[in-house]
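Analysis of the macromolecular model
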Amino acid sequence: MLRDKNRSLLPVLIVAIGVALTVFLSGYLRGVMDDVTDINARFETGHVKIMTRSYAENKDQLPVDLAILGVDSLRNSLKKQFPEMAWESRMRFGGILDVPDASRNSRGQGPVLGMALDFLTPRTKEPERMNIPNAMVRGRMPQRLGEILVGEDFAQKLKIKMGDQVTHFGSTMSGSLSFKNFVVTGTVRFGMAAMDRGTILVDIRDAQTMLDMPDGTSEILGYATESAYQDAQMQSIATMFNALQNPQDEFAPVMQTLKQQNNLGELIDYSAKMSGFYVFIFVMAMAVVLWNTGLLGGVRRYKEFGIRLALGEFKGHMYRSLLLESVVVGVVGSVIGLFIGLSGVYYLQAYGLDISGMMENSAMLIPSVIRAKITPDLFVIGFIPGLLATTLGAMLSGIGIFKRQTASLFKELEV
Amino acid sequence: MAIEEIIRLSEVTKRYPMGETEFTALKNINLAFHKGEFAGLVGPSGSGKTTLLNIMGSLDVPTTGEAVVLGQHISKLSHKASAELRNRHLGFIFQVFNLLPVYTVYENVEFALLLQNMPAQERKKTVYEALDWVGLTALAHKKPDKLSGGEGQRVAIARAMVKRPAILLADEPTANLDAANAHLILQTMKRLNDELKTTFIFSTHDEKVMGYLGRIIHLRDGCIELDETIKNKPLQR
Ligand SMILES: Nc1ncnc2c1ncn2[C@@H]1O[C@H](COP(=O)(O)OP(=O)(O)OP(=O)(O)O)[C@@H](O)[C@H]1O
Ligand SMILES: [Mg+2]
């Protein structure tokens with residue numbers, strides 16, 4: 001059977017192509033989703049995030065007036081209760097950045113989106129988590145209060161130089177006007193549209209001063225220090241935390257997992273479904289192609305089986321040999337396909353695919369370089385369709401063996 | 001002299017469902033064959049020749065009536081038993097597409113013996129013997145698509161004969177052959193019939209075939225019209 005090169009080559013090829021596509025798409029999807037998850041976790045959602053109940057409901061408006069107060073004691077108790085997590089205050093706020101000239105007249109100004117994080121605590125992980133060292137274009141990171149990083153594009157537009165003084169206008173927690181002067185020490189470009197439009201970065205303490213909420217923050221993000229995002233673990237932490245809060249109090253803190261925020265859960269589940277869907281489609285398509293091309297049961301094989309029946313071979317024996325043949329084809333095809341598919345995934349993992357051009361206007365936190373990811377289950381994902389398709393194909397044509405009437409043999413063979 | 005009766009059909013009727021109604025392909029056929037016959041079923045298209053061969057070959061069962069082949073009641077055989085009967089005792093030659101295209105000539109002939117689990121040494125000897133009968137030992141390792149039509153049919157004969165079946169059923173074996181090849185095939189079969197006492201039953205339209213037959217059964221509309229035994233040694237053109 002297997003000596004028949006022509007007959008085995010095409011099904012092997014079909015299986016290989018199908019498996020390669022399945023593996024590649026799954027790996028690609030996996031990589032994209034992991035990147036999306038990772039980036040969202042780093043920049044926005046944390047592995048878990050704590051907000052007040054009403055802030056959570058209106059978070060798109062960045063309602064600093066609904067911020068968490070008593071942050072220090074909250075963070076201390078969090079550290080005690082969940083020592084495996086790192087807890088970090090972050091704040092986002094809107095405002096206007098004004099760049100004065102030498103005579104202190106406005107040289108230009110523009111709306112900015114402020115991000116406040118911990119730059120100044122010794123050994124802080126936050127700048128690294130937000131990839132700021134790599135995002136730096138000019139200058140250096142803030143090293144004391146009153147220093148600020150601005151987006152490179154924004155800086156260019158307003159011709160900001162390192163060491164320039166800028167003024168941020170915004171409103172305090174209680175709604176009155178606030179302004180604060182900063183010294184620009186560096187510029188950043190993250191390579192993500194959502195992060196590169198008028199972003200400024202300041203230390204969390206400066207933001208607290210500016211917004212007049214010394215012990216407040218809008219968000220506390222939690223990160224598992226030893227591992228990547230694990231949904232079950234984060235969910236149990238959130239459940240434990242939320243159980244202790246007063247459900248009536250609209251300023252009580254609530255904890256949400258990454259999956260509960262920004263529809264990421266839907267996105268992740270959707271991509272998992274898509275992945276399963278790809279596999280399903282490929283299995284079906286390959287099975288049908290294999291079946292239809294007659295490689296596992298078409299006219300040629302049909303006649304062959306007719307002759308073998310006439311020669312006195314048992315149907316069961318024939319069915320088994322057909323299945324065995326298909327398993328071999330499936331395995332060989334899957335191995336080849338896996339190799340091709342994984343090579344493709346590896347290429348994307350190593351070199352990435354730059355889609356920043358397509359993503360210029362996206363408000364989502366989407367990486368501008370797509371990278372695929374090789375994970376162990378890709379091997380499984382590769383083998384399932386390959387084997388399933390060939391066996392399914394063989395079984396479909398095998399039904400023909402059993403259903404066919406031996407009587408019609410001579411008829412069919414006459415043609 | 002009592003010659004062994006190897007096929008007996010009693011009141012064999014075969015009906016095929018045709019939409020609402022039924023189509024009767026064979027009507028009350030009574031027929032017997034004896035060991036060593038060289039017989040032919042002759043009749044116009046649709047007269048039931050193939051249907052009759054199918055039943056005698058245990059590839060089909062009669063709707064009513066009895067078919068006994070080598071002492072076995074065809075209607076009562078299990079799948080396995082009828083496969084076994086075909087494998088051990090019946091040989092088939094079809095009009096076209098006789099050979100498994102992926103195997104060599106040798107392997108095609110060997111196939112039936114493999115199913116019988118014959119030991120390798122004996123198998124090889126037996127296969128070459130069969131190829132020798134049809135004069136094709138030289139082509140043993142060719143693939144079927146490299147053979148001419150006549151050579152292909154000779155391989156089919158070797159394959160059918162290699163297990164020394166009691167009965168060889170051939171449905172229009174010469175229909176696709178030119179005259180020279182047809183005669184060669186028929187002479188080969190006649191010789192095997194003489195030497196091995198195999199019973200040959202053909203279906204045919206072919207005048208050339210009829211010249212070799214020792215018995216001609218004329219079928220028309222599923223009935224036996226005439227069953228003539230040719231007494232004289234068949235003329236060979
Ligand atoms: N499986 C079947 N279903 C329905 N009708 C059938 C079937 N097989 C044969 N018939 C019908 O039975 C009749 C006899 O068919 P059969 O094949 O035995 O004829 P034949 O003598 O071999 O003809 P030919 O010389 O064309 O091969 C035909 O009319 C055919 O249409
Ligand atoms: Mg016919």
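Residues numbered from 1 in each chain as written. Chains lettered and ligands numbered in written order. Predicted model: local features only at pLDDT ≥ 70, side-chain atom pairs only at ≥ 80, totals over all residues. Heavy atoms only, no water.

**Here we look at the sheet that holds strand S8 (residues 199–204) of chain B**
All names here are of chain B. Spatially, six strands are ordered S6-S7-S8-S3-S9-S10 in an open sheet, and the strand pairing comes out mixed. Whereas interior strands pair on both sides, the edge strands pair on one side only; in this sheet they are strand S6 (90–93) and strand S10 (223–229). Between one strand and the next, the sheet's axes are offset by a mean angle of 15°, whatever the strand orientation. In the sheet, strand S9 (residues 215–220) pairs with S10 via six bridges, with the strands oriented antiparallel. In the sheet register, Ile 217 faces S10, and the bridge partner there is Asp 227. Sheet strands touched by helix H2 (residues 79–89): S6 and strand S7 (167–171). Its angle to S6, the strand with the most contacts, is close to 80°. Docked against the sheet, helix H5 (residues 149–161) engages S6, S7 and S8, running at close to 170° with respect to S6. (Pairing = 2+ DSSP bridges. Helix = DSSP H or I, 4+ residues; strand = E, 2+ residues; numbered from the N terminus. Axes fitted to C-alpha atoms, helices over the stretch in contact; angles between N-to-C directions. Contact = heavy atoms within 4.5 Å.)

**Overview of the packing of helix H3 (residues 105–115) of chain B against H5 of chain B**
Residue and element names in this part refer to chain B. Taken N-terminus to C-terminus, the directions of H3 and H5 make an angle of 30°; their axes are 7 Å apart at the nearest point. When the axis of H3 is compared with that of H5, the two are roughly parallel. Crossing angle aside, the handedness with which H3 passes H5 is right-handed. Where H3 approaches H5, its residues Val 105, Asn 108 and Val 109 are matched on the opposing element by Val 155, Ala 158 and Arg 159. (Parallel < 35°, antiparallel > 145°, perpendicular 65-115°, else oblique. Left-handed = near helix turned anticlockwise from the far one by under 90°.)

**A closer look at the side chain of Gln 245 of chain A**
All names here are of chain A. For Gln 245, the position within the fold is in the loop between helix H9 (231–243) and strand S12 (253–257). Within polar-contact distance, the side chain of Gln 245 engages the backbone oxygen of Phe 241 at 3.4 Å. Setting aside its immediate chain neighbours within four residues, Gln 245 contacts Ala 252 and Pro 253. (Polar contact = N/O pair within 3.5 Å; in protein donor to acceptor, adjacent residues only side chain to side chain.)

**So, the pattern of salt bridges**
Throughout the structure, instances matching the rule amount to 30 salt bridges over all chains. A salt bridge links Glu 152 of chain A to Arg 138 of chain A, with the nearest nitrogen and oxygen atoms 3.2 Å apart. Note that Glu 152 of chain A is positioned in helix H6 (residues 152–157) and Arg 138 of chain A in strand S5 (residues 136–139), a separation of 14 residues in sequence. Of the residues examined, Glu 152 of chain A reaches a relative accessible area of 5% and is grouped as buried. Arg 88 of chain B is the salt-bridge partner of Glu 84 of chain B, the closest N and O atoms lying 3.2 Å from each other. On the criterion of helical spacing, the pair formed by Glu 84 of chain B and Arg 88 of chain B is a turn pair, its members being four residues apart in helix H2. Classification of Arg 88 of chain B as partly exposed rests on a relative accessible area of 33%. Connected through salt bridges with shared partners, the residues Glu 44, Lys 49, Arg 92 and Glu 219 of chain A form a single ionic network. (Salt bridge = Lys/Arg side-chain N within 4 Å of Asp/Glu carboxyl O. Buried < 20%, exposed > 50% of the residue type's maximum accessible area, 1.4 Å probe, protein only.)

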